[in-house]
Amino acid sequence: MFKKYQEKKYYSITLMLLFMLISTALAFLAFKFANINSANIALIYILALILTARYTNGYWYGIVFALFSVICINYFFTYPYFNLNFTLSGYPVSFILTLTITLITSATTSHLKIQAALLAEREEIINKAEKEKMRANLLRAISHDLRTPLTSIIGTSDSYLEFPDSLNAEEKTTLVKQIRDDANWLLNMVENLLSVTRIKDSESAKVNKSPEIVEEVISEAIQRFKKRCPEASVRVSIPEDYIILPMDPLLIEQVIINLLDNACVHSSSSQPIDLTVIDSPTSVVFCIRDYGKGISPSLLPVIFDGSSARNTATPDAHRGMGIGLSICKTIITAHAGSITALNHDKGAEFMFTLPKEDSLS
């Protein structure tokens, strides 16, 4: 703490001396080459005085600068030159006015600095609380989404091993397929977790972004999704012109895959999934729409925080929406974007927005 205080003190002293030097140099130039009188010279010092009060910490730097400026104006720019004369007409008034400006400016800027510091501290507390909440929800979602399929794999394997002679070929095939489906779901979870590790700094939530062509990212995501769900159909609608966005392509691909997989698994519909890209001057919107049963209204407010995994009571609860959507929100937030979920007349729709400007770089 003391070291930080000393650094601020040295910084303020250096800044004050720098403003003193610059203002005096400008005053001499104006006085010699532009024949500006002492009243206007005072304006140069007043401007430097305001800047000193604004960018230094404390009242004393402004007061010292005020005394310095009054003496300089009297000594250098008031007749008789290079001679201090405090008995000049109007000089006490000038001194009092300059000092008053200093005190008012210093008090105002100090108050603004305190307010800014309090707002920054409050924002930091809110951000930490939000990140802690997200971390806790993510851990709960991981606990649910990984434990349930593992339990299913163990139970199915035990059934296969304990009753090999009593199971016919069709039943054995069904058990093996169930094990494969659960293992694939676990693989999907691992891919999601690996995606999160690509976010380098958990405190600032920054990602490695580079300019990417949106069409190529979508194409790669759909190819990966089709390997997982070959029976699914996706209709893509994107603008004809190339759209280039700053993003981490692997992370955005994972978001698209998660949303497509969510639509495929939970919509209970065989209709194609629509993936639409909307270009706007400042951002690009990605819409994934299915034509199924929609989302329960009770889940909509908490669908991205992992709560949906714990609230799922269906037979395929291990394929809940918990961790996948939670990670989608984490990735989109790290890209300075937003993500929402809603119901339309014939199903559910997820939308996420990515800004065109790389504001996190």
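Residues numbered from 1 in each chain as written. Predicted model: local features only at pLDDT ≥ 70, side-chain atom pairs only at ≥ 80, totals over all residues. Heavy atoms only, no water.

> How would you sum up the UniProt feature "transmembrane region" (unreviewed entry) in the protein chain? Please name residues and give values.
Those residues carrying the UniProt feature "transmembrane region" (unreviewed entry) are residues 12–30, 36–53, 60–82 and 88–107 in this numbering. Summarising residues 12–30: 100% helix, 0% strand, and an end-to-end C-alpha distance of 27 Å. Helix makes up 89% of residues 36–53 and strand 0%. Its end C-alpha atoms lie 25 Å apart. (UniProt positions renumbered as here; feature names shortened; annotations may be inferred. Helix = DSSP H or I, 4+ residues; strand = E, 2+ residues; numbered from the N terminus.)

> Quick rundown of the packing of aromatic side chains? Include the residues and the values.
Throughout the structure, instances matching the rule amount to eleven aromatic pairs. Ring geometry for Phe286 and Phe352: centres 4.6 Å apart, planes at 5°, overall stacked. Pair noted here: Phe286 is in strand E5 (residues 283–289) and Phe352 is in strand E7 (residues 347–355), with a separation of 66 residues, a long-range link. For Phe286, a relative accessible area of 1% translates into the label buried. (Phe/Tyr/Trp six-rings, centres within 6.5 Å; stacked < 30°, edge-to-face > 60°. Buried < 20%, exposed > 50% of the residue type's maximum accessible area, 1.4 Å probe, protein only.)

> Describe helix H7 (residues 249–266), listing the residues and the values that go with them.
End to end, H7 covers 26 Å across 18 residues, agreeing with the expected 26 Å (1.5 Å per residue, within 8%). In terms of burial, H7 is largely enclosed, as 15 of its 18 residues are buried. Directly after H7, the chain includes Ser268, whose backbone phi takes a positive value near 55°. (Expected span 1.5 Å × (residues − 1).)

> Describe the sheet that holds strand E6 (residues 338–344), with residues and values.
Read across the sheet, five strands follow the order E2-E4-E5-E7-E6 without closing on themselves; strand pairing throughout is mixed. One side of each edge strand has no neighbouring strand; the edge strands of this open sheet are strand E2 (234–237) and E6. The average angle at which neighbouring strand axes cross in this sheet is 15°, direction not considered. With six bridges joining them, strand E4 (residues 273–279) and E5 adopt antiparallel strand pairing. (Pairing = 2+ DSSP bridges. Axes fitted to C-alpha atoms, helices over the stretch in contact; angles between N-to-C directions.)

> Tell me about helix H3 (residues 60–76), and name the residues and values.
Along its 17 residues, H3 runs 24 Å from first to last C-alpha, staying within 8% of the 24 Å computed at 1.5 Å per residue. Within H3, burial applies to Tyr61, Gly62, Ile63, Phe65, Ala66, Ser69, Val70, Cys72, Ile73 and Asn74.

> Which residues make up a nonpolar patch on the surface, and what are the values?
A cluster of nonpolar residues, Leu18, Ile22, Leu26, Leu29 and Phe33, forms a patch on the protein surface that exposes about 500 Å² of accessible area. Along the chain, Ile22 turns up in helix H1 (residues 2–33). For Ile22, a relative accessible area of 40% corresponds to the partly exposed category. (Patch = residues over 30% accessible without salt bridge, like charges linked within 9 Å, V, L, I, M, F, W, Y side chains within 5 Å. Areas by Shrake-Rupley, 256 points an atom, 1.4 Å probe, with all protein chains shown as cover. Salt bridge = Lys/Arg side-chain N within 4 Å of Asp/Glu carboxyl O.)

> Go over the nonpolar core with me, naming the residues and quoting the values.
Grouped together as the largest cluster of nonpolar side chains are 46 residues, with contacts concentrated most on Ile252, Leu260, Phe286 and Phe352. The element best represented in this core is H7, accounting for eight residues. Beyond its immediate sequence surroundings of up to four residues, Phe352 is in contact with Ile252, Val255, Ile256, Leu259, Val284, Val285, Phe286, Ile288, Ile332, Ser338 and Ile339. In this structure, Phe19, Met20, Ala30 and Tyr61 belong to the second largest nonpolar core, which totals 17 residues. (Core = buried A, V, L, I, M, F, W, Y, C linked by side-chain atoms within 4.5 Å. Contact = heavy atoms within 4.5 Å.)

> I'd like a description of the packing of helix H2 (residues 38–55) against H3, backed by residues and values.
Here H2 crosses H3 at 165°, and the two axes come no closer than 10 Å. As judged from the angle between their axes, H2 and H3 are roughly antiparallel. Here the hand of the crossing between H2 and H3 comes out right-handed. Residues Ser38, Ile41, Ala42, Tyr45, Ala48, Leu49 and Thr52 of H2 lie in contact with H3, whose contacting residues are Tyr61, Gly62, Phe65, Ala66, Phe68, Ser69, Cys72 and Ile73. Partitioned by chemical class, the residues of the contact of H2 with H3 number eleven nonpolar, four polar and no charged. (Parallel < 35°, antiparallel > 145°, perpendicular 65-115°, else oblique. Left-handed = near helix turned anticlockwise from the far one by under 90°. Nonpolar A, V, L, I, M, F, W, Y, C, P; charged D, E, K, R; others polar.)

> Give me the lowdown on the confidence of the model for the protein chain, citing residues and values where you can.
Summarising the model, the protein chain shows a mean pLDDT of 80, and 83% of its residues fall at 70 or more. Across the protein chain, the element-wise mean pLDDT spans from 49 in helix H8 (residues 307–311) up to 96 in E5. The low-confidence segment residues 309–318 (pLDDT under 50) makes 15 contacts with residues lying over four places distant or belonging to another chain. (pLDDT = per-residue confidence, 0-100.)

> Before we move on, could you go through empty space enclosed by the protein and cite the residues and values that matter?
Here the structure, examined in full by the defined rule, presents three cavities of 30 Å³ or more. Estimated volume of the second largest cavity: approximately 40 Å³. Taken together, the residues that form the lining of the second largest cavity break down as five nonpolar, no polar and two charged. (1 Å grid on protein atoms, 1.4 Å probe; cavity = no way out; pocket = protein on both sides within 12 Å on 5 of 7 lines; lining within 4 Å. Points joined across faces, edges and corners; volume = space filled by probe spheres on them.)

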